[in-house]
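Structural features, examined
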Amino acid sequence: MTAHDPEAMRRPNAPMTTYRYDEYDAAFVSERVAEFREQVRRRLSGALTEEEFRPFRLMNGLYLQLHAYMLRVAIPYGTLTARQMRRLADIAEKWDKGYGHFTTRQNLQYNWPKLVDTPDILESLADVEMHAIQTSGNCIRNVTADHFAGVAPDEIEDPRPTAEFLRQWSSLHSEFSFLPRKFKIAVTGAAHDRAAILVHDIGLRIVKNDTGEIGYQVVVGGGLGRSPFIGKVVGDFVPREDLLAFLEAILRVYNRFGRRDNKYKARVKILVHEKGIDEIRAAVEAEFAAMDRSAFAHDSEEFERIAAFFAPPPYDSLPATSASLRAAKLESPAFANFADVNVGAHKMPGYAIVTVSLKPIGGVPGDATSDQMRVLADASERFGFGELRVSHEQNIILPHVKQDDLLTLWRMLDAAGLATANAGLVSDIISCPGLDYCSLATARSIPIAQAISKRFSDMSRQRRIGKLGVKISGCINACGHHHVGAIGILGLEKKGQESYQITLGGDPTFSASIGEILGPGVTAEQVPDVVEHLVDYYLAEREEGEAFIDTWRRIGHARFKDVLRREGEDGADI
Amino acid sequence: MPVFKHPQILIASNLTDGEVLFLGPSGWERDHRRARVARSADEAAALEALGKRDISANRVVDVYLADVEIGSDGAPTPLHYREKMRVKGPSVRLDLGKQATGGAL
């Protein structure tokens, strides 16, 4: 059976192009909910101390944060059905405060659940084939993927079957349940990297060799946090048949040699950095050669079974371009702006990929209300086969929209406050929750994002500036990916005050680079001025077709630094 | 023992819902203005002991002392911006947290 079989279609809200649990999946998630319910009961009764309970709650994605508990829900490779999105909305309304926060790991976080309610929340999630397993802890986390998977014109292969294959391999993997630290895997199958694979513990790039065979370029040791590194190639072309065994070999090398004496040096990126990629590659190849690979032998039937769930939906045959879209753009400049900025090319003629921005001017990046989630679910059913994606940029993607439907969709989104036409622009800011929610944070990040967004509220100005990735983290853990922001902002504490360090030149794509520090930290109030100065300088210096990062690379960091020094009062605080 | 520089209050999270609580004269309070203030190292140690007792009793988790200053009305206000935030709620959502229900100023 595939996801498109008539049998499946008869189910209400049947997934169209997404994985559906089999009996094993359903049973294991259901058992896990029952187990956690009992653990919560024992915690509340006093049978378990907090110290004993903490690992259990973390294994189910439940953190204790600054103001309340926080539950992190896994959204594998960011793919959601309308039914699941509605359930997320319902949970937010019933057990939280009417909104959810979409994260850079393509997950969703609830900021206010009560401990006593979490078993019911998990049960409600399990009912729609969702859970919070492995969204925390030193295990292989939710596998992420290109949010344009399956629809991007530049794609070699949809990365989601691979990601789902890896999800099944890594879920409750007993050998890798207690790694030295958390472990993140991202997959892309396209010519352009939208999954930031070079800054993950393992990045997989689906490639085709000279004989047309599909395989994987395997990158290891990338990551952000307090020690940012770009990943290095450990396998140039790993055939699909060897993928699981090869990854198993990498994880075994990491599990064995990764440092456990210092949590700040425990990630695989440190191991790769300290040993060097050649030594790591040799160790992985030795493990690969010596291991019993029969347990990880590729099951092509199983891969094909999984891949069938992600088969293309039943597209209509349409002309490549839509006359009604052209007319609508002429009629409405606001719609034209949205169509130009938030709508991308689709592999199928007459269709488009729509990025729904969760970054309204002055809003909280990544937040969506229950009502907005329902609008998105409705929109996906009316205009996109009931499928949605969460992007690592904290936006929602509608991956299969007819060009003819874009105007109607835009009106629907606009009425719900979801039509901000800023995808990829200066106000499409990635921001971690920062000190407004997170107990690890050392400074706030959301108000900085809001202030920058308001400063550049003129949308025509944003379009003149063009593509510009601004990314903000509220602490050195870099959940806001500031290291790979063309303009990165890191919130720190300095002498009891919030202080913000600016970096320039970060890039999360195949041309990945880590941003360089601009100078001493600045105050929260100064950040929008600094960003504006940088943008103005870029506009004055850019050449035809250059994005901010291109200009920065061409003319160099020192000149950006110099111009700020001249424009600061005495240069000392910029 | 660390040097005692400022008055202190005891902060914790409620076990069942994670809400920020402050140890008051007769139990845990939602409002920091009702917190019991330690004005010496001995008083701070006594507060901590009460906190440990309530951790053991599974009432609260994540208990720690925070430096405060005392206002003209005698009420304590945290000195560090992290605890100032915990006293109110998220600065970006004034409709959430204690500030939304009048539990904090």
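Residues numbered from 1 in each chain as written. Chains lettered and ligands numbered in written order. Predicted model: local features only at pLDDT ≥ 70, side-chain atom pairs only at ≥ 80, totals over all residues. Heavy atoms only, no water.

Per an unreviewed UniProt entry, the recorded name for chain B is DUF2849 domain-containing protein, and the organism is Methylocystis hirsuta.

For chain A, an unreviewed UniProt entry supplies the name Nitrite/sulfite reductase and the organism Methylocystis hirsuta.

A separate point is the interface of chain B and chain A. Accessible area lost on assembly of the parts is the figure often given for the size of an interface. Listed by partner, the interface residues are 23 residues for chain B and 35 residues for chain A. By the criterion of area lost to chain A, the three top residues of chain B are L15, Y81 and V92 of chain B, representing 27% of everything that side buries. Along the contact surface separating chain B from chain A lie zero salt bridges. There are ten residue pairs in polar contact (both at pLDDT 80 or more) connecting chain B and chain A. Per-element tally for the side of chain B that touches chain A: the top contributor is helix α2 (residues 81-88) of chain B, with four residues. In terms of residue class, the side of chain B that touches chain A is made up of eight nonpolar, nine polar and six charged. (Contact = heavy atoms within 4.5 Å. Buried area = accessible area lost by both parts, 1.4 Å probe. Salt bridge = Lys/Arg side-chain N within 4 Å of Asp/Glu carboxyl O. Polar contact = N/O pair within 3.5 Å; in protein donor to acceptor, adjacent residues only side chain to side chain. Helix = DSSP H or I, 4+ residues; strand = E, 2+ residues; numbered from the N terminus. Nonpolar A, V, L, I, M, F, W, Y, C, P; charged D, E, K, R; others polar.)

Moving on, we get to the packing of helix α4 (residues 82-95) of chain A against helix α5 (residues 118-126) of chain A. All names here are of chain A. One way to put it is that α4 packs onto α5 with a least axis distance of 10 Å and a crossing angle of 165°. It follows that α4 is roughly antiparallel to α5 by the angle criterion. Viewed along their axes, α4 and α5 form a crossing whose handedness is right-handed. Residues R87, L88, I91 and W95 of α4 form the contact with α5, whose participating residues are D120, I121, S124 and L125. Partitioned by chemical class, the residues of the contact of α4 with α5 number five nonpolar, one polar and two charged. (Axes fitted to C-alpha atoms, helices over the stretch in contact; angles between N-to-C directions. Parallel < 35°, antiparallel > 145°, perpendicular 65-115°, else oblique. Left-handed = near helix turned anticlockwise from the far one by under 90°.)

Residue and element names in this part refer to chain A. Spatial ordering of the open sheet is given by β3-β14-β15-β12-β11, a layout of five strands whose pairing is antiparallel. For this open sheet the edge positions go to β3 (79-81) and β11 (343-345), each flanked by a neighbour on one side alone. In this sheet, adjacent strand axes meet at a mean angle of 35° when their direction is disregarded. Sheet strands in contact with helix α12 (residues 333-342) are β11 and β12 (351-356), and its direction is about 45° off that of β11. (Pairing = 2+ DSSP bridges.)

Time to look at the domain arrangement of chain A. Residue and element names in this part refer to chain A. Domain boundaries assigned for chain A yield domain 1 (23-127), domain 2 (151-309), domain 3 (323-416) and domain 4 (430-564). Averaged C-alpha coordinates put domain 1 and domain 3 at centres separated by 29 Å. At the interface, 22 residues of domain 1 touch 24 residues of domain 3. Across the interface of domain 1 and domain 3, roughly 1,900 Å² is buried in total on both sides, 55% from carbon and sulfur atoms. Of all residues in domain 1, M85, R86 and F102 give up the largest surface area on contact with domain 3, accounting jointly for 32% of the area buried on that side. Taken together, the connections running from domain 1 to domain 3 amount to four salt bridges. The salt bridge partner of D378 is R86, with a shortest N-O separation of 2.7 Å. (Domains from an automatic or database assignment.)

Quick look at the packing of aromatic side chains now. Residues and elements named next belong to chain A. This structure, assessed with the given rule, holds 15 aromatic pairs over all chains. Ring centres of F36 and F53 lie 6.1 Å apart, and the angle between their planes is 15°; this geometry places the pair in the stacked category. On the criterion of sequence distance, the pair formed by F36 in helix α2 (residues 23-45) and F53 in helix α3 (residues 50-59) is long-range, its members being 17 residues apart. Exposure class is identical for F36 and F53. Each is buried. Grouping aromatic residues by their ring pairs yields a cluster made of Y537, Y538, F548 and F560. Between the NZ or CZ atom of R205 and the centre of the ring of F510, over which it lies, the distance is 3.8 Å. Directly above the ring of F288 sits R293, whose terminal nitrogen or CZ lies 4.3 Å from the centroid. (Phe/Tyr/Trp six-rings, centres within 6.5 Å; stacked < 30°, edge-to-face > 60°. Buried < 20%, exposed > 50% of the residue type's maximum accessible area, 1.4 Å probe, protein only. Lys NZ or Arg CZ within 6 Å of the ring centre and 35° of its normal.)

As a further point, take the sheet that holds strand β6 (residues 144-145) of chain A. Residues and elements named next belong to chain A. Spatially, the five strands line up as an open sheet ordered β6-β7-β8-β9-β10, and their pairing is mixed. Looking at the sheet topology across the chains shown, the edges are occupied by β6 and β10 (232-239). Bridging between strand β7 (residues 185-188) and strand β8 (residues 202-208) involves four bridges; their strand directions are parallel. In the strand pairing of β8, V187 is matched with L204. Running at roughly 160° to β7, helix α6 (residues 160-170) makes contact with β7, β8 and β9 (214-220) of the sheet. Helix-sheet contacts for helix α9 (residues 277-290) involve β9 and β10, and the interaxial angle to β10 is about 35°.

Residue and element names in this part refer to chain A. Listed under "domain: Nitrite/sulphite reductase 4Fe-4S" (unreviewed entry) in the UniProt record, and renumbered for this structure, are residues 136-288 and 427-565. The straight-line gap between the two end C-alpha atoms of residues 136-288 is 28 Å; of that span, 30% is helix and 18% is strand. For residues 427-565, helix accounts for 35% and strand for 17%, while the C-alpha atoms at its two ends are 25 Å apart. (UniProt positions renumbered as here; feature names shortened; annotations may be inferred.)

Okay, the nonpolar core next. Generally speaking, soluble globular proteins have nonpolar side chains that are buried together. Residues and elements named next belong to chain A. Judged by nonpolar contacts, the single largest core of 66 residues is most densely connected at M85, L88, F102, V354, M373 and I396. The biggest single contributor to this core is α4, with seven residues. In this structure, this core is formed jointly by two domains, domain 1 (23-127) and domain 3 (323-416), each of which donates at least three residues. Excluding residues within four positions of it along the chain, V354 makes contact with F338, N342, V343, I396, I397, L398, V401, L406 and L409. By size, the runner-up hydrophobic cluster in this structure holds 51 residues, among which are I133, L179, L251 and V272. (Core = buried A, V, L, I, M, F, W, Y, C linked by side-chain atoms within 4.5 Å.)

Within the secondary structure, H67 of chain A sits in the loop between β1 (62-64) and β2 (69-73). A polar atom in the side chain of H67 of chain A sits 3.0 Å from the backbone oxygen of D436 of chain A.

Next up on the list: the packing of α12 of chain A against helix α14 (residues 406-415) of chain A. Residues and elements named next belong to chain A. Remark: α12 packs on α14, axes separated minimally by 11 Å, with the N-to-C direction vectors making an angle of 100°. Taken as axis vectors, α12 and α14 run roughly perpendicular relative to one another. Contacts from A334, F335 and F338 of α12 reach α14 at L406, L407, W410 and L413. Classifying every residue of the contact of α12 with α14 by side-chain character gives seven nonpolar, no polar and no charged.

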